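Listed below are the residues making up each chain.
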Amino acid sequence: MSEIETIGFHYVVEAAGCDPEVLGNADKIRQIFLEAAKVGNMEVKSSYFFKFSPTGVSGVVIVAESHISIHTWPEKGYAALDVYTCGTKAEPEKAVDYILEQLKAKYAHVSEIKRGIEEDDETFTHMIMTWEEALRKNGNGS
């Protein structure tokens, strides 16, 4: 096995019941993602967000540890999130929780993929754990 650490954690999130106003606002999502990177102890390198016409946003924040990305469907209250970090410094789960809170998501289906697991034959594999979360009842967290 190599001395270089290849382990990373990749969160793939289906967020439903999100606030359509937030999902349609590229500037707001950029703010949320930049703050999520701080919350998750990540070093921001660059970002780009694009507002589709008539609706929807795609965007990415490149961090030293890898990336945070999103694509939204405001008319459905749905967002597809992706948070991937390498190394042990970052806390991607905190970034995911922060983003879901800011999108006002009511439900999330989350898959955590542990990536870069080096095998004895110098190949790599990954492991997946999946769960669901009901986040907000009555739209106010109670």
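On a predicted model such as this, the values are computed, not experimentally measured, just so you know.

**Digging into the sheet that holds strand E2 (residues 44–51)**
The sheet built from seven strands is open, its strands ordered E2-E3-E4-E5-E1-E6-E7 with antiparallel pairing. Here the strands that pair on one side only, and so sit at the sheet edges, are E2 and strand E7 (124–134). Across the sheet, the axes of successive neighbouring strands diverge by a mean angle of 10 degrees, strand direction being ignored. Two strands pair when backbone bridges link them, and strand E3 (residues 57–63) and strand E4 (residues 66–73) are joined in this way by six bridges, in the antiparallel orientation. Its bridge partner lying in E4, Gly59 is registered against Ile70. Against the sheet, helix H2 (residues 26–39) touches E2, E3, E4 and strand E5 (78–86), its axis set at about 155 degrees to E2. Of the strands in this sheet, strand E1 (8–16), E4, E5 and strand E6 (107–118) are in contact with helix H3 (residues 92–103), which crosses E5 at around 160 degrees.

**Observations regarding the pairing of E6**
In terms of strand pairing, E1 meets E6 through nine bridges, oriented antiparallel. Of the residues in E6, the one forming a bridge with Glu14 is His109. Hairpin connection of E6 to E7: five residues between the antiparallel strands, including Glu122 at a positive phi of 65 degrees.

**Observations concerning the UniProt feature "active site" (unreviewed entry) in the chain**
Annotation from UniProt places "active site" (unreviewed entry) at Ser66, His71 and Cys86. On the secondary structure map, His71 appears in strand E4. For His71, the side chain forms a polar contact with the side chain of Ser58, separated by 2.2 Å. Residue position: Cys86 is located in strand E5.

Definitions and cut-offs
- Residues numbered from 1 in each chain as written.
- Predicted model: local features only at pLDDT ≥ 70, side-chain atom pairs only at ≥ 80, totals over all residues.
- Heavy atoms only, no water.
- Pairing = 2+ DSSP bridges.
- Helix = DSSP H or I, 4+ residues; strand = E, 2+ residues; numbered from the N terminus.
- Axes fitted to C-alpha atoms, helices over the stretch in contact; angles between N-to-C directions.
- Contact = heavy atoms within 4.5 Å.
- UniProt positions renumbered as here; feature names shortened; annotations may be inferred.
- Polar contact = N/O pair within 3.5 Å; in protein donor to acceptor, adjacent residues only side chain to side chain.

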